[in-house]
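One-letter residues, chain by chain:
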Amino acid sequence: MSEVLLSVKDLHTSFHTDSGEVQAVNGISFNVDRGEVLGIVGESGSGKSVSAYSIMQILANNGYIKSGEILFKGEDITKWSEKQMSEFRGKCCSIIFQDPMTSLNPVFTIGNQIEEAIRLHTDKKGDEVKARAKELLELVGINDPSKRLKQYPFEHSGGMRQRVMIAMALACEPDILIADEPTTALDVTIQAQILELMLDLQKKLGMAIIIVTHDLGVIADMCDTIIVMYGGRICERGTADEIFYNPKHEYTKGLLRSIPSINNMKKKLIPIAGSPINMLNMPNGCAFSARCDECMKICLEEIPQEIRINQDHLAACWMNIKEMTEAGKLPEEFKGELPQCLRLPEGMGKGGND
Amino acid sequence: MEKNRPLVEVEHLKEYFKVTDGFHKLTLKAVDDVSFSINAGETLGLVGESGCGKTTVGRTILRLYTPTAGTVRFDGEEVTAKNIGHMRKKMQMVFQDPYSSLDPRMTVEDIIGEPLDVHKLYDNRKDRRERILHLMELVGLNAEHARRYAHEFSGGQRQRIGIARALAVNPEFIVCDEPVSALDVSIQAQVINMFEELQDKLGVAYLFIAHDLLVVRHISKKIAVMYLGKMVEVADADEVSDHPLHPYTESLMSAVPIPDPKIARERHRIILEGDVPSPLHMPSGCPFRTRCRYATEKCAQEMPPLTDRGGEHFSACWNK
Ligand SMILES: Nc1ncnc2c1ncn2[C@@H]1O[C@H](COP(=O)(O)OP(=O)(O)OP(=O)(O)O)[C@@H](O)[C@H]1O
Ligand SMILES: Nc1ncnc2c1ncn2[C@@H]1O[C@H](COP(=O)(O)OP(=O)(O)OP(=O)(O)O)[C@@H](O)[C@H]1O
Ligand code: SF4
Ligand SMILES: [Mg+2]
Ligand SMILES: [Mg+2]
């Protein structure tokens with residue numbers, strides 16, 4: 001049995017803005033097991049980063065967790081004090097970002113910054129700290145660590161800086177490493193180095209990794225399980241094979257049709273129609289309804305409930321509920337009253353946008 | 001349109017920049033003796049590590065930079081400082097960033113109309129307007145949008161505006177420098193399709209620069225691979241991807257993230273050691289030798305020439 005390390009339950013995160021409340025994350029739930037590599041994918045603005053930052057409670061000043069629970073080893077950390085949270089950050093969970101230059105301080109040496117991270121999160125002192133800093137650089141594959149520790153961030157390439165960030169994040173062996181677009185700014189060959197390093201460290205140290213990216217290739221390469229987000233909600237979640245080979249949300253299906261892959265090289269890509277969602281003006285029903293080819297009347301009116309497709313797969317799309325209703329296989333967990341248009345025998349079929 | 005008519009022929013092109021490291025004057029060889037050709041109506045994809053000289057190749061072909069050495073011929077005629085004004089009607093460029101490359105205070109109509117004005121490509125106001133609307137239709141923009149400002153559009157729409165402007169002069173060749181990189185994945189497909197459709201319809205040739213290798217493979221007939229200012233491999237797109245010859249291309253292709261978990265699990269990534277050397281301190285001989293697992297003594301002594309290994313598959317390597 002795998003052990004659940006982190007459990008996010010019906011999380012809502014919002015931002016105060018001049019134009020009103022931006023509901024960036026709208027009721028997401030998922031688990032992270034010990035040692036699992038979880039990918040969060042979705043279009044720009046879908047709430048991937050905000051979800052990750054909510055776990056760490058490092059939201060911008062105008063952001064706040066509105067409701068929901070985040071259980072770490074059974075304890076709801078949304079109730080924790082800032083002091084407890086700062087222990088949590090680093091000891092239990094660390095984060096690395098897309099652009100390591102913005103997270104490294106240009107006026108201090110790499111050594112200063114790693115040693116600071118070690119002192120902050122462990123009770124190591126003096127020479128122990130220096131030794132640990134060297135050890136960490138070696139761990140992330142940096143040659144000649146003694147020399148590197150004395151250098152400044154600008155003296156390092158992008159890939160090297162990302163290694164330094166990973167070393168700092170690992171200073172006290174957290175249970176979870178969150179990586180927000182860790183390789184988006186890097187070249188393909190350097191990206192491969194960093195991804196390989198992360199998987200290697202995950203095996204060595206047994207930590208869980210949450211990787212946030214818009215790149216389905218990186219997700220396929222890295223992840224055991226995947227969460228697909230759209231408009232601040234989870235469309236579907238499941239094992240990598242389920243999401244790629246048995247997608248059960250129209251957004252995921254559209255996304256997979258729209259990207260070049262090995263098997264559609266000679267074919268025309270099929271774009272997703274319409275333009276990205278406006279978070280200030282969320283539709284009443286499914287967040288994807290305005291761009292969905294299969295959109296039914298119910299999709300415009302009600303948010304689809306997440307239901308289980310199989311042991312490895314959950315999805316929130318009215319199409320599934322419709323199909324299961326028709327097949328007489330609606331799962332027990334479907335609690336809501338079945339909307340009029342999905343009741344059999346009449347009212348089936350497409351409602352469309354009209 | 002005749003097949004296989006070379007439209008753009010680049011020979012021994014060099015573009016050196018004079019730079020300084022604060023103490024010394026140095027020469028940065030951004031593009032160093034590069035030769036290739038692009039057929040009419042075809043797409044050549046150009047890939048390689050950041051800073052390897054892709055943008056510089058594109059800009060030098062269009063003479064936005066004066067070449068340090070070498071020649072560019074367009075349709076058989078050498079491009080020179082003298083004739084570039086009139087050549088620009090046939091060669092255009094589309095940039096990466098749809099946000100910064102358009103003036104937000106201009107309407108769509110002004111933006112697309114500008115090259116028409118510059119090259120006096122219409123008879124009267126009515127004709128001008130009709131041409132603009134036709135161009136907007138070509139790239140899938142709504143005629144009602146003509147009077148709106150660029151900043152009112154989404155990234156994908158702005159990229160379409162930029163392309164409509166490039167098309168205004170009826171070019172035969174467009175340098176597309178990372179034209180979809182700034183767009184969300186769901187929008188990329190629309191723009192890629194548009195490039196492909198325009199080529200089918202109008203027969204334009206593209207030099208297509210991008211870092212997403214699957215995008216490049218999808219759109220390109222041939223792919224050229226650069227490393228530190230040198231061209232290291234050129235061949236048919238599938239050939240380069242599936243049977244790369246050059247050791248750099250080999251590891252590059254093995255590392256491309258593929259959105260398919262089964263393929264991802266089965267394949268073997270060749271992870272390169274270290275980083276690309278600084279272009280100011282080029283290694284002797286082959287530029288890739290510092291990271292190459294096949295490197296031999298000869299590689300440090302002499303730059304391998306780009307030669308045809310059969311079936312128009314070119315590689316520049318002593319050992320592969
Ligand atoms: N500080 C903030 N104030 C107001 N709105 C915000 C703030 N931070 C994020 N948002 C909004 O929250 C939504 C989710 O943003 P988030 O950064 O999580 O997207 P993302 O999925 O990570 O996208 P990307 O792929 O572009 O990084 C967006 O609509 C964004 O505009
Ligand atoms: N105007 C310039 N003056 C001096 N050096 C330049 C200039 N333009 C480019 N360079 C240098 O020339 C080299 C090639 O740059 P170029 O922009 O062509 O690379 P690229 O392959 O397009 O990279 P990227 O993928 O990051 O866009 C780099 O080392 C760059 O720093
Ligand atoms: S010439 Fe030598 S160093 Fe260069 S790629 Fe070939 S084997 Fe490697
Ligand atoms: Mg983000
Ligand atoms: Mg460039």
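About the cut-offs
Residues numbered from 1 in each chain as written. Chains lettered and ligands numbered in written order. Predicted model: local features only at pLDDT ≥ 70, side-chain atom pairs only at ≥ 80, totals over all residues. Heavy atoms only, no water. Helix = DSSP H or I, 4+ residues; strand = E, 2+ residues; numbered from the N terminus. Rg over C-alpha atoms; globule rule 2.2 N^0.38 Å. Buried < 20%, exposed > 50% of the residue type's maximum accessible area, 1.4 Å probe, protein only. Lys, Arg positive; Asp, Glu negative; His and termini not counted. Salt bridge = Lys/Arg side-chain N within 4 Å of Asp/Glu carboxyl O. Contact = heavy atoms within 4.5 Å. Buried area = accessible area lost by both parts, 1.4 Å probe. Nonpolar A, V, L, I, M, F, W, Y, C, P; charged D, E, K, R; others polar. Near = heavy atom within 4 Å. Polar contact = N/O pair within 3.5 Å; in protein donor to acceptor, adjacent residues only side chain to side chain. Areas by Shrake-Rupley, 256 points an atom, 1.4 Å probe, with all protein chains shown as cover. Pairing = 2+ DSSP bridges. Axes fitted to C-alpha atoms, helices over the stretch in contact; angles between N-to-C directions. Right-handed = clockwise from strand over helix to strand, strands pointing away. pLDDT = per-residue confidence, 0-100. Expected span 1.5 Å × (residues − 1). Arc of directions from axis to C-beta.

### Observations regarding the overall build of chain A
Reasoning step 1: Looking only at helices and strands, chain A features 13 helices and 12 strands.
Reasoning step 2: For chain A, the C-alpha radius of gyration of 22 Å lies close to 20 Å, the compact-globule estimate for 354 residues.
Reasoning step 3: In terms of its C-alpha atoms, chain A occupies a principal-axis envelope of roughly 75 × 50 × 45 Å.
Reasoning step 4: Going through the 354 residues of chain A one by one, you find that 55% of them count as buried.

### So, the side chain of D33 of chain A
Residue and element names in this part refer to chain A.
Reasoning step 1: On the secondary structure map, D33 appears in strand β2 (residues 20–33).
Reasoning step 2: As a buried residue without a salt bridge, D33 has its nearest oppositely charged side chain in R34, at a separation of 9.3 Å.
Reasoning step 3: Here D33 is in contact with S2, E3, V4, L5 and A208, once residues within four sequence places are set aside.

### Notes on the interface of chain A and chain B
Often, the extent of an interface is quoted as the loss of accessible area on bringing the components together.
Reasoning step 1: The partner chain B presents 39 residues to the 43 residues of chain A that form the contact.
Reasoning step 2: Across the interface of chain A and chain B, roughly 3500 Å² is buried in total on both sides, 58% from carbon and sulfur atoms.
Reasoning step 3: At the boundary of chain A with chain B, the tally comes to 6 salt bridges.
Reasoning step 4: Between E196 of chain A and R269 of chain B there is a salt bridge, with its nearest N and O atoms 2.9 Å apart.
Reasoning step 5: Where the side of chain A that touches chain B is concerned, the elements lending two or more residues are α8 (188–205), α9 (216–222), α10 (240–245) and α11 (250–258) of chain A.
Reasoning step 6: Of the residues contributing to the side of chain A that touches chain B, the split by class is 21 nonpolar, 12 polar and 10 charged.

### Things to note about the site of ligand 1
All names here are of chain A.
Reasoning step 1: Neighbouring residues of ligand 1: 15 residues in total, closest S44, G45, K48, S49 and V50.
Reasoning step 2: Between S49 and ligand 1, the recorded distance is 2.7 Å, taken from a side-chain N or O atom to an oxygen atom.
Reasoning step 3: A distance of 2.8 Å separates an oxygen atom of ligand 1 from a polar backbone atom of V50.
Reasoning step 4: Bound to the protein, ligand 1 loses 68% of the 640 Å² it would expose on its own.
Reasoning step 5: At the level of elements, β1 (4–17) and α1 (48–56) are the ones that each hand at least two residues to the shell around ligand 1.
Reasoning step 6: When residues in the shell around ligand 1 are grouped by element, the largest group, 3 residues, is from α1.
Reasoning step 7: For the shell around ligand 1, the residue count by class is 5 nonpolar, 7 polar and 3 charged.

### Quick notes on the sheet that holds strand β5 (residues 77–78) of chain B
Residue and element names in this part refer to chain B.
Reasoning step 1: A sheet is described by the order of its strands in space; here 4 strands give the open sequence β2-β1-β4-β5, paired in antiparallel fashion. Because the sheet does not close on itself, it has two edges, and the strands there are β2 (25–39) and β5.
Reasoning step 2: The pairing of strand β1 (residues 6–20) with β2 spans 12 bridges and is classified as antiparallel. Of the residues in β2, the one forming a bridge with T20 is K25.
Reasoning step 3: Its contacts with the sheet put helix α1 (residues 54–61) on β1, β2 and β4 (69–74), and the angle it makes with β1 is roughly 115°.

### Examining the pairing of strand β8 (residues 208–212) of chain A
Here is the key point about a regular strand: its side chains alternate between the two faces of the sheet.
Residues and elements named next belong to chain A.
Reasoning step 1: Counting buried residues in β8 gives 5 out of 5 residues, a clear majority hidden from the surface.
Reasoning step 2: Of the two faces of β8, the one holding A208, I210 and V212 and the one holding I209 and I211 are both buried throughout.
Reasoning step 3: As paired elements, strand β3 (residues 37–42) and β8 share 4 bridges and run parallel to each other. Bridge pairing in β8 links G39 to I211.
Reasoning step 4: Where strand β7 (residues 176–180) lies against β8, 5 bridges are found, and the strand directions are parallel. Paired with L177 across the two strands is I209, which belongs to β8.
Reasoning step 5: Read as a crossover between parallel neighbours, the route from β7 over α8 to β8 is right-handed.

### Description of the confidence of the model for chain B
Reasoning step 1: In this model, chain B carries a mean pLDDT of 91, and residues with pLDDT of at least 70 account for 98%.
Reasoning step 2: The ipTM, which scores confidence in the relative placement of chains, is 0.88 for this predicted complex, and the corresponding pTM is 0.90.

### Quick look at helix α5 (residues 126–139) of chain A
All names here are of chain A.
Reasoning step 1: For α5, spanning 14 residues, the distance from its first C-alpha to its last is 20 Å, which sits close to the expected 20 Å at 1.5 Å a residue.
Reasoning step 2: Three or more residues of α5 are buried, namely V129, R132, A133, L136 and L137. One side of α5 carries all its buried residues, which in axial view fall inside an arc of 135°.
Reasoning step 3: Contact partners of the buried residues in α5: α4 (110–121), α6 (145–149) and α7 (158–169).
Reasoning step 4: Taken from the residues just after α5, G141 is the one with a positive phi, measuring 75°.

### So, the site of ligand 3
Reasoning step 1: Close to ligand 3 lie 13 residues; C286, C292, C299, C317 and N319 of chain B are nearest.
Reasoning step 2: Its residues assigned to classes, the shell around ligand 3 shows 10 nonpolar, 2 polar and 1 charged.

### Quick word on the side chain of H121 of chain A
Reasoning step 1: You can see H121 of chain A is positioned in helix α4.
Reasoning step 2: When near neighbours in sequence (up to four residues on either side) are disregarded, H121 of chain A contacts S86, R89, G90, K91 and C172 of chain A.

### Some points on the pairing of strand β10 (residues 233–239) of chain A
All names here are of chain A.
Reasoning step 1: Most of β10 is tucked away: 6 of the 7 residues are buried.
Reasoning step 2: Relative to β10, strand β9 (residues 225–230) is paired through 6 bridges, and the arrangement is antiparallel. Each bridged residue has a counterpart across the sheet, and for I227 the counterpart in β10 is R237.
Reasoning step 3: Hairpin connection of β9 to β10: 2 residues between the antiparallel strands, including G231 at a positive phi of 55°.
Reasoning step 4: Relative to strand β12 (residues 313–315), β10 runs antiparallel, the two being bridged by 3 bridges. Looking at the pairing, G238 lines up with H313 of β12.

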